[in-house]
Amino acid sequence: MNDVMPTLWVTGAPGAGKSTVGWKLFGQIAAHGGSVAYLDIDQLGLLGPPPGGGDRGHRIKSDNLIPLLHGLRDFGVRQTIISGVVDPERGLEYYLRTGPRLEGVDLDLVRLSCSFEVLCERFLGRGSSADLLDELQKYVRLLDSTDIGESVDTTHHTPDQTVAGLLGRCLIAAPRAGATPVCAQTSIPVAAVTGPTAVGKSTAGWHALQTLWQQGLTTAFVDAQQLSFVHPPPPDAFVQSQISALVHGYERAGATAALLVARDPTIARTWSGGPPGVVVRLGADRASLQERVESRGRGLSALLAGDELRGAPSPARRAVLDRALQEAEDFARDHPDLPVLDSSHQTAEETAAMLLEHLRPALVSPRC
């Protein structure tokens, strides 16, 4: 049996399409029946206050990535897709040479490139500011001079055409028999926010995190959904083990607390035991949920992998709303003891302030 897990890493400048191509590759491999996982490297470095300079931010991402890749390999995943950049100046190899050992993983790095004119169109088309074009050009030159990965020119290609060209570099195979890694308890407090689809967990949680960073509390942010992109779908125990590995990584990097958002209340409340911690459920009335579904459908939210609402047609949005309302009923029935914070008709900032009022005592608890 071959225990080496091939991993295709799609990198490139902002707007080059690395996240779009990476996510579509994940979907194509899954559609062909393959065992595959997807990771966005930016999701592995959400610890602040942000570093003032040096390689600390890049080091956090690369050090956190390695145990997650090992967990996927041990679980039996056959192919992993990664998107994002670690240090455009020195590249990932520097951190692999000087950090934890990466074993049983075969990395294949590709760098998406295109003419600067096309890149500008794509960059601005995703809503980025024209004021950043000079910085974008410097970034492209830096990536080109570093020569990270094999360059793939996408100037005349749609994302689907780029995916078709890269699919041949991927392994499409059934999962191996594997084991779920141990979910070790952490010694820093982890506060968790749960709630139905589109209620605003991630958005309000992110605003709350910004406040904590501004106040100097070294806090990490973990989105459970971003660790569950595995096909076939993994059991909760596996997602818990990946959360555990990531929280431990943030703890080693100096985090004194972590904020977790998870749609599944069972996953969220696992972290309310052990060290000082708390879990709360966000709620909202139908009108507010509908407004948030429509807002996300129009693209008025952070661009995250797996967002089923961005650009979705009206029937799909209605289906998500119906599912969110049903989830809210199920959560209330199955977890009646969870404290509920009603976010109806609130802005994300107002909900964040409400979250902080309830979660701050847990997040500033001393270490066990």
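Each chain has its residues counted from 1, following the order in which its sequence is written. Under the rules for a predicted model, residues below a pLDDT of 70 receive no local features and side-chain atom pairs below 80 are neither given nor counted, while totals for whole chains, interfaces and linings still include all residues. Computation of side-chain values: all heavy atoms of the structure, hydrogens and water removed.

The subject of this paragraph is the pattern of salt bridges. Note on definitions: salt bridges are taken to be side-chain nitrogens of Lys or Arg within 4 Å of carboxyl oxygens of Asp or Glu. Inspection of every chain in the model, using the stated rule, returns 18 salt bridges. The partner of Arg59 in a salt bridge is Asp63, with the nearest N and O atoms 3.9 Å apart. Taken together, the residues span about one helical turn, with Arg59 and Asp63 both in helix H2 (residues 56-75) at a distance of four residues. Only protein chains enter the accessibility calculation, which uses a 1.4 Å probe. A residue is then buried if its area is under 20% of the maximum for its type, exposed if over 50%, and partly exposed in between. For Arg59, a relative accessible area of 18% puts it in the buried group. Two residues, Arg111 and Asp147, come together in a salt bridge whose shortest N-O distance is 3.6 Å. Linking Arg111 in strand S5 (residues 105-113) with Asp147 in the loop between helix H5 (133-146) and strand S6 (150-153), this pair joins segments that are 36 residues apart in sequence. Taking the relative accessible area as the measure of exposure, Arg111 reaches 5% and is therefore buried. Asp147 gets classed as exposed once you look at its relative accessible area, which sits at 51%. One network of salt bridges, with partners in common, ties together Asp108, Glu150 and Arg169. Numbering of helices and strands starts at the N terminus; helices are DSSP runs of H or I of at least 4 residues and strands are runs of E of at least 2.

To continue, consider unusual backbone geometry. Trans is the common state for peptide bonds, and a negative phi is the common state for residues other than glycine. With an omega dihedral of 10°, the bond running from Gly48 to Pro49 counts as a cis peptide bond. Although it is not a glycine, Asp147 adopts a positive phi angle of roughly 60°. At Ala198, a position not held by glycine, the phi torsion is positive, near 70°. Considering the arrangement of structural elements, one finds Ala198 in the loop between strand S7 (190-194) and helix H7 (201-214).

The criterion for strand pairing is that DSSP finds at least two bridges linking the strands in question. Ordered by their spatial adjacency, six strands build an open sheet running S6-S5-S1-S4-S2-S9, and the pairing between neighbours is mixed. Whereas interior strands pair on both sides, the edge strands pair on one side only; in this sheet they are S6 and strand S9 (230-231). Where strand S2 (residues 36-40) and S9 come together, two bridges link them in antiparallel fashion. Its bridge partner lying in S9, Val36 is registered against His231.

The next point concerns the pairing of strand S1 (residues 5-12). Across the eight residues that make up S1, a large majority, seven, are buried. Judged from the four bridges that link them, S1 and strand S4 (residues 79-83) form a sheet pairing that is parallel. Looking across to S4, one finds that Thr7 is bridged to Thr80.

Turning our attention to helix H4 (residues 116-125). When we look at burial in H4, the residues that qualify are Val118, Leu119, Cys120 and Phe123. Every residue pair with non-hydrogen atoms within 4.5 Å of one another is taken to be in contact. Looking at the packing, one finds that the buried side of H4 touches H5. Looking one or two residues past H4, Gly127 carries a phi angle of roughly 100°, positive in sign.

Here the focus is helix H1 (residues 18-31). Multiplying one less than the number of residues by 1.5 Å gives the expected span of a helix. End to end, H1 covers 20 Å across 14 residues, agreeing with the expected 20 Å (1.5 Å per residue, within 8%). All buried positions along H1 are accounted for by Lys18, Val21, Gly22, Leu25, Phe26, Ile29 and Ala30. Elements that come into contact with the buried residues of H1 comprise S1, S2, S4, S5, helix H6 (159-167) and S9. Positioned one or two residues after H1, Gly33 has a phi angle of 85°, which is positive.

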